[in-house]
Amino acid sequence: MASAAIKWMLLDHAAERPVQVGDVVSVEAGGMPIFRVVGLAGTKAWLDDEMGRVRRLTSLESFRWRGAGAA
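Treat the numbers as computed from the prediction; the structure is a model and nothing was measured. (Residues numbered from 1 in each chain as written. Predicted model: local features only at pLDDT ≥ 70, side-chain atom pairs only at ≥ 80, totals over all residues. Heavy atoms only, no water.)

Asks: So what exactly am I meant to see when it comes to the pairing of strand β3 (residues 34-41) here?
Replies: Here is the key point about a regular strand: its side chains alternate between the two faces of the sheet. Sheet topology places strand β2 (residues 24-26) next to β3; 3 bridges connect them, and they run antiparallel. The residue bridging Ser26 from the neighbouring strand is Ile34, located in β3. Pairing of β3 with strand β4 (residues 44-48), which is carried by 5 bridges, proceeds in the antiparallel orientation. Looking across to β4, one finds that Leu40 is bridged to Ala45. Hairpin geometry of β3 and β4 is characterised by an intervening segment of 2 residues between the two adjacent antiparallel strands and by a positive phi of about 65° at Gly42. (Pairing = 2+ DSSP bridges. Helix = DSSP H or I, 4+ residues; strand = E, 2+ residues; numbered from the N terminus.)

Asks: Just to check I follow, could you spell out the environment of Leu60 for this structure?
Replies: Relative to the assigned elements, Leu60 resides in the loop between β5 (55-59) and β6 (65-68). Accessibility expressed as a relative area gives 6% for Leu60, which makes it buried. Linking Leu60 and Thr43, residues 17 residues apart in sequence, is a C-alpha distance of 7.7 Å. When residues no more than four places from it in sequence are discounted, the contact partners of Leu60 are Leu11, His13, Pro18, Val19, Thr43 and Ala45. (Buried < 20%, exposed > 50% of the residue type's maximum accessible area, 1.4 Å probe, protein only. Contact = heavy atoms within 4.5 Å.)

Asks: Teacher, can you tell me more about the pairing of β6 here?
Replies: Summarising the sheet, strand β1 (residues 7-10) and β6 pair through 4 bridges and their orientation is antiparallel. By the bridge assignment for β6, Lys7 is matched with Ala68.

Asks: What should I look at first to understand the pattern of salt bridges in this one?
Replies: Two side chains with opposite charge may pair up if their charged atoms get near one another. One pass over the full model with this rule turns up 2 salt bridges. Residue Arg66 pairs with Asp23 through a salt bridge whose shortest N-O separation is 3.6 Å. Here the residue Arg66 occupies a position in strand β6, and Asp23 occupies one in the loop between β1 and β2, the gap between them amounting to 43 residues. We note a salt bridge from Arg55 to Asp48, for which the minimum N-O separation is 2.6 Å. A relative accessible area of 53% places Arg55 in the exposed class. In this structure Asp48 comes out as buried when scored by relative accessible area, which is 11%. (Salt bridge = Lys/Arg side-chain N within 4 Å of Asp/Glu carboxyl O.)

Below you can see the structure in the form of structure tokens.
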């Protein structure tokens, strides 16, 4: 995932589904690290790191940015 090729938009935490499977999220727009959403579990999301080596289930609260059309 090249962060320069991703258009970032604010993550809407008030939305019923703030992210979809395939979206990329980051704490900083264009910042690192960038994670890909690979699954949803209630108010949490399964995220893979850029290399796809680490998968974690985490709240999206600390993430502020979502890649627009980056699926």
